[in-house]
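# Understanding the architecture of this molecule
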Amino acid sequence: MTQDQWTDVDGYLTDLLAPADEALTAALDDSTAAGLPAIAVAPNQGKLLNLLASVQGARNILEIGTLGGYSTIWLARALPADGRMVSLEYNPDHADVARANLARAGLDKVVEVRTGAALDTLPRLEEEGAGPFDLTFIDADKVNNPHYVSWALKLSRPGSLIIVDNVVREGRVATAHPDDPAVTGTRDMFDLVSREPRLDATAIQTVGVKGYDGLLIARVVA
């Protein structure tokens, strides 16, 4: 198996099951034009997030790591008319791009993008009583993954879903890599989830246009 083959299969699946539309295409194009890193979820992964939010019946969604708002659009489109979403983005320039992309998609009244370090904004959400969130998607700096999962759990309810992206790290997560804080943070997150009785979780490996990685899906059970 090669990267070219993974990419070709992703293209085939995406064209049939998750075709792009103007808002999604423009979100990626404008993110590229603004110099944002090309690390948004793949289209079929965006569709997976959309389906999970729909199956969950999510009315209140939290995202940690907005980037240009591509995954945000996929998630917000699963919300009912009275649903809402909060997305947290560290970089103010990225947040501006995301807000423009969300406005073009007609979702600026549904999604609030908050700027600042998530470990600063998450306690404010708790103080405001913003939760419980029915689904939390975590796709930010991997060093803080354990802290993000802890906060997601705190802001959830029994039955909520917590999804963490990029948890396989091209297979490096299977062994300790002290020189790679992203791997260390991800392994610490797995340790936390495995010990946490309030979470029932699994993780899957993925291949595709984004290479070799994976995601964790956890359900809050208590």
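Each value, and the rule that gives it
Residues numbered from 1 in each chain as written. Predicted model: local features only at pLDDT ≥ 70, side-chain atom pairs only at ≥ 80, totals over all residues. Heavy atoms only, no water. Helix = DSSP H or I, 4+ residues; strand = E, 2+ residues; numbered from the N terminus. Rg over C-alpha atoms; globule rule 2.2 N^0.38 Å. Buried < 20%, exposed > 50% of the residue type's maximum accessible area, 1.4 Å probe, protein only. Contact = heavy atoms within 4.5 Å. Areas by Shrake-Rupley, 256 points an atom, 1.4 Å probe, with all protein chains shown as cover. Lys, Arg positive; Asp, Glu negative; His and termini not counted. Charge placed at Lys NZ, Arg CZ, Asp CG, Glu CD. Core = buried A, V, L, I, M, F, W, Y, C linked by side-chain atoms within 4.5 Å. Pairing = 2+ DSSP bridges. Axes fitted to C-alpha atoms, helices over the stretch in contact; angles between N-to-C directions. Phe/Tyr/Trp six-rings, centres within 6.5 Å; stacked < 30°, edge-to-face > 60°. Lys NZ or Arg CZ within 6 Å of the ring centre and 35° of its normal. 1 Å grid on protein atoms, 1.4 Å probe; cavity = no way out; pocket = protein on both sides within 12 Å on 5 of 7 lines; lining within 4 Å. Points joined across faces, edges and corners; volume = space filled by probe spheres on them. Nonpolar A, V, L, I, M, F, W, Y, C, P; charged D, E, K, R; others polar. Right-handed = clockwise from strand over helix to strand, strands pointing away.

### As for the overall build of the chain
A tally of helices and strands in the chain yields 8 helices and 7 strands. In summary, the chain has a C-alpha radius of gyration of 17 Å against a globular reference of 17 Å for 222 residues, a match within 12%. Across the 222 residues that make up the chain, the buried fraction comes to 49%. Restricting the contact set of the chain to residue pairs at least 6 apart, pairs at least 24 apart contribute 71%. With an accessible surface of roughly 10600 Å², the chain has 54% of that area assigned to carbon and sulfur atoms. Taken together, the 19 basic and 31 acidic charged side chains of the chain have centroids lying 6 Å from each other.

### Comments concerning unusual backbone geometry
Note the cis peptide between Gly-131 and Pro-132, where omega equals 0 degrees. Take Pro-132: it is sitting in the loop between helix H6 (118-128) and strand E4 (135-138). Backbone geometry places Arg-169, a non-glycine residue, at a positive phi of 55 degrees. Looking at where Arg-169 falls in the secondary structure, it is placed in the loop between strand E5 (161-165) and helix H8 (181-195).

### Comments concerning the nonpolar core
Within the largest apolar cluster, 31 residues are counted, with the highest numbers of intra-cluster contacts made by Ile-61, Leu-75 and Leu-135. Of all elements in the fold, only helix H2 (22-33), helix H3 (43-56), helix H4 (70-76), helix H5 (92-104), strand E3 (111-115), E4 and E5 reach the threshold of two or more residues within this core. For this core, the element with the most residues is H4, which contributes 5 residues. Leave out the neighbours within four places in its chain, and Leu-75 touches Leu-49, Ala-53, Ile-61, Glu-63, Met-85, Leu-135 and Phe-137. In terms of nonpolar packing, the next biggest core, distinct from the first, is built from 27 residues, Leu-62, Val-86, Leu-155 and Leu-192 among them.

### Brief notes about the sheet that holds strand E2 (residues 84-89)
Taken together, 7 strands build an open sheet; the order of strands is E3-E2-E1-E4-E5-E7-E6 and the sheet is mixed. Since the sheet does not close on itself, it has two edges, and those belong to E3 and strand E6 (199-208), each with one partner. Strand-to-strand twist in this sheet, taken as the mean axis angle between neighbours without regard to direction, amounts to 15 degrees. Of the strand pairs in this sheet, E5 and strand E7 (residues 211-220) are connected by 5 bridges, and their pairing is antiparallel.

### As for the packing of aromatic side chains
A complete count under the given rule lists 0 aromatic pairs for this structure. Directly above the aromatic system of Trp-151 lies the positively charged group of Lys-154, at a separation of 4.2 Å from the ring centroid.

### Side note on the layout of surface pockets
Put simply, the largest pocket is a space of about 650 Å³. Broken down by secondary-structure element, the contributors of at least two residues to the lining of the largest pocket are H4, E2, H6, E6 and E7. Looking at side-chain class alone, the lining of the largest pocket contains 17 nonpolar, 15 polar and 9 charged residues. Elements represented by at least two residues in the lining of the second largest pocket include exactly helix H1 (3-17), H3, E5 and E6. Looking at the lining of the second largest pocket element by element, the count peaks at 7 residues for H1.

### Here we look at the pairing of E4
Taking every second residue as pointing to the same face, both faces of E4 are buried, with Leu-135 and Phe-137 on one and Thr-136 and Ile-138 on the other. Here 4 bridges tie strand E1 (residues 60-64) to E4, and the two strands are oriented parallel to one another. When the bridges of E4 are listed, Leu-62 appears paired with Thr-136. Inspection of the sheet shows E4 paired to E5 by 4 bridges, in the parallel sense. The residue of E5 that forms the bridge with Thr-136 is Ile-162. Following the backbone out of E4, through helix H7 (residues 145-154) and into the adjacent parallel E5, one traces a crossover that is right-handed.

Don't take any of this as a statement about function, it's just geometry.
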